[in-house]
Amino acid sequence: MSLVTSDNLAVFFLAQGEQSADTVMAWLTAFIGAARQTLDFAVYDMRLSEPLRSRFVSALHERAGAGVQIRFCYDSDKPLRPDVAGGQDPAPAGTGAFIQSLGYPWRRIAGMKLMHNKFVVRDGDSVWTGSTNMTDDAFTLMENNIVTVDSAPLAAYYAEEFEQLWEKENFENTGKIRTVAAPITFAGQPGNARVMFSPGRGYEIDSEIARRVREARRRVRICSLLINSGTLISELGNLLDRGNIRIDGIYDRTQMEDVYRQWQEVPSNRWKIPALQQIVLRAGLVGKNSTPYTPTSKHDYMHNKVLVIDDTVITGSYNFSRSAEFNAENILFIDSPPLAETYSHYIDHLIGKYRK
């Protein structure tokens, strides 16, 4: 959809039918093209058709020729039928073959859950992250956001996460990285951003999201593929009962209908169905009717994982789910009034687009 940039942080917003794949690839190749020493990719789903693949390969080849070291980590064992209720993104096979065909060092990252990251660390001082997988459909048919930030302190945390994945070749017992907020600037105003990683900090991430929702003073805006964390559902219900906080937003109705069906089969999860349905009704959440998942269907999900709470943006690869605590994920907590307003305008746009 658009690019908004200022100072050391940039955000790219994607919406179905509103940007070309070439435009997104141009953003990515510009990020790659600025590398001088290293490029480390941690990816969940990467499958690009021609000519996108050709442009990507050319950008990598040009940097490799200049002496840049390039590495890839990727999720090694996607289930044939993803557990959407557990927070697993639907993703067909093919990532391994695609990455191995590029000819750069790679590691298959094993684990009982998912290596669900989508980030690139450049030269140890810049990061590309967010919700966007590197596929044609993610670039053109899904609602996604991409954040790039030039920050050596933040990039050092992502680099540490990458090295843990690379060395272990398994994401279990990774991500227990002690992080603190780093300064950022956006729209000429100072702010700060803290990254956290699961599974090592999964429980703390869930607790931090819940705390920020619980302490909201003005608004909680949702822009998320799924809303299936029991903790989050409870806190949103409590806010609605208080009656003094604006709650609104958008989610993927089709994917959540599948989650409802899966919850119904687990007695301990059944309470979530009426609880979330009440939140959707009382907050007036808008649902995108995406195409039901099959490996060969059109993949057009409302794929963001975003909360705007007062002047804070929460975004990354982390679905708001119990399962995300045990996946390899990254999530940013960005305190910045102008950035929160920028995301809020994007959410307004999507609500208007999909309200029926």
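In the block above lies the structure referred to throughout.
Here's a quick rundown of the structure. (Residues numbered from 1 in each chain as written. Predicted model: local features only at pLDDT ≥ 70, side-chain atom pairs only at ≥ 80, totals over all residues. Heavy atoms only, no water.)

Concerning the overall build of the protein
Then, number 1: From N to C terminus, the protein includes ten helices and 18 strands.
Then, number 2: For 356 residues, the compact-globule estimate of 2.2 N^0.38 gives 21 Å, and the protein sits close to it at 19 Å.
Then, number 3: Out of the 356 residues belonging to the protein, those deemed buried represent 60%.
Then, number 4: For the protein, the proportion of contacts with a sequence separation of at least 24, taken over those separated by at least 6, is 77%.
Then, number 5: Of the roughly 13,400 Å² of accessible surface on the protein, a fraction of 50% belongs to carbon and sulfur atoms.
Then, number 6: Side-chain charges in the protein split into 39 positive and 42 negative, and the spacing between the mean points of these groups amounts to 3 Å. (Helix = DSSP H or I, 4+ residues; strand = E, 2+ residues; numbered from the N terminus. Rg over C-alpha atoms; globule rule 2.2 N^0.38 Å. Buried < 20%, exposed > 50% of the residue type's maximum accessible area, 1.4 Å probe, protein only. Contact = heavy atoms within 4.5 Å. Areas by Shrake-Rupley, 256 points an atom, 1.4 Å probe, with all protein chains shown as cover. Lys, Arg positive; Asp, Glu negative; His and termini not counted. Charge placed at Lys NZ, Arg CZ, Asp CG, Glu CD.)

With respect to helix 1 (residues 21-33)
Then, number 1: Taking 1.5 Å per residue as the helical rise, helix 1 with its 13 residues ought to reach 18 Å, and the 18 Å between its terminal C-alpha atoms agrees with that figure.
Then, number 2: For helix 1, every residue scored as buried is listed here: Ala21, Val24, Met25, Trp27, Leu28, Thr29, Phe31 and Ile32. (Expected span 1.5 Å × (residues − 1).)

Points about the sheet that holds strand 13 (residues 219-224)
Then, number 1: In spatial order, the strands read 11-12-18-17-16-13-14-15; together these eight strands make up an open sheet with mixed pairing. Where the open sheet ends on each side, the last strands, each with one partner, are strand 11 (182-186) and strand 15 (286-288). Direction aside, neighbouring strands of the sheet carry axes that sit 15° apart on average.
Then, number 2: The strands that helix 5 (residues 152-168) touches are strand 11, strand 12 (189-198) and strand 18 (329-335); relative to strand 12, the one it contacts most, it runs at about 10°.
Then, number 3: Seen against the sheet, helix 8 (residues 253-264) touches strand 14 (246-252) and strand 15 and runs at an angle of roughly 85° to strand 14. (Pairing = 2+ DSSP bridges. Axes fitted to C-alpha atoms, helices over the stretch in contact; angles between N-to-C directions.)

Focus on empty space enclosed by the protein
Then, number 1: Here the structure, examined in full by the defined rule, presents one cavity of 30 Å³ or more.
Then, number 2: Considering only enclosed or pocket space, the largest cavity measures out at about 50 Å³ in volume.
Then, number 3: Around the largest cavity, the lining residues are Ala42, Val43, Tyr44, Asp45, Asn117, Lys118, Phe119, Trp128, Thr132, Asn133 and Met134.
Then, number 4: Class assignment of the residues belonging to the lining of the largest cavity gives a composition of six nonpolar, three polar and two charged. (1 Å grid on protein atoms, 1.4 Å probe; cavity = no way out; pocket = protein on both sides within 12 Å on 5 of 7 lines; lining within 4 Å. Points joined across faces, edges and corners; volume = space filled by probe spheres on them. Nonpolar A, V, L, I, M, F, W, Y, C, P; charged D, E, K, R; others polar.)

A look at the packing of helix 1 against helix 2 (residues 52-65)
Then, number 1: Contact geometry for helix 1 and helix 2: axes closest at 10 Å, N-to-C directions at 10°. For the element pair helix 1 / helix 2, the angle class is roughly parallel. Residue-level contacts link Ala21, Asp22, Met25, Ala26, Leu28, Thr29, Ile32 and Gly33 of helix 1 to Leu52, Arg55, Phe56, Ala59, Leu60 and Arg63 of helix 2.
Then, number 2: Across the contact of helix 1 with helix 2, the residue classes tally to nine nonpolar, two polar and three charged. (Parallel < 35°, antiparallel > 145°, perpendicular 65-115°, else oblique.)

Thoughts on the packing of aromatic side chains
Then, number 1: All told, the structure shown has twelve aromatic pairs when counted by the stated rule.
Then, number 2: Taking 4.3 Å as the distance between ring centres and 15° as the angle between the ring planes, the aromatic pair formed by Phe13 and Tyr346 counts as stacked. One end of the pair, Phe13, is in strand 2 (residues 9-14); the other, Tyr346, is in helix 10 (residues 337-354), with 333 residues separating them in the sequence. Each member of the pair, Phe13 as well as Tyr346, carries the same accessibility label: buried.
Then, number 3: Among the aromatic residues, ring-to-ring pairing joins Phe12, Trp27, Phe31 and Trp128 into one connected group.
Then, number 4: Positioned above the aromatic ring of Phe98, the side-chain terminus of Arg53 is 5.7 Å from the ring centre. (Phe/Tyr/Trp six-rings, centres within 6.5 Å; stacked < 30°, edge-to-face > 60°. Lys NZ or Arg CZ within 6 Å of the ring centre and 35° of its normal.)

Topic: the packing of helix 6 (residues 202-214) against helix 7 (residues 230-242)
Then, number 1: Between helix 6 and helix 7, the least distance of the axes is 9 Å, while the angle of their chain directions is 5°. In terms of orientation, helix 6 and helix 7 fall into the roughly parallel class. For the pair formed by helix 6 and helix 7, the contact residues are Asp206, Ile209, Ala210, Val213 and Arg214 on the first element and Thr231, Leu232, Glu235, Leu236, Leu239 and Arg242 on the second.
Then, number 2: Of the residues that constitute the contact of helix 6 with helix 7, the class distribution is six nonpolar, one polar and four charged.

Remarks on the side chain of Glu161
Then, number 1: Following the sequence through the fold, Glu161 ends up in helix 5.
Then, number 2: For the buried Glu161, no salt bridge exists, and the shortest N-O distance to an oppositely charged side chain is 9.6 Å, to Arg201.
Then, number 3: With near-sequence residues (within four places) excluded, Glu161 lies in contact with Asn117, Phe119, Thr174, Gly175, Ile177, Phe197, Ser198 and Ala328. (Salt bridge = Lys/Arg side-chain N within 4 Å of Asp/Glu carboxyl O.)

Comments concerning the environment of Lys272
Then, number 1: Note that Lys272 resides in helix 9 (residues 272-283).
Then, number 2: The exposure class assigned to Lys272 is buried, which follows from its relative accessible area of 8%.
Then, number 3: Taking the C-alpha atoms as reference points, Lys272 and Ile233, separated by 39 residues in sequence, lie 7.5 Å from one another.
Then, number 4: The residues contacting Lys272, other than those within four sequence positions of it, are Asn228, Gly230, Ile233 and Trp263.

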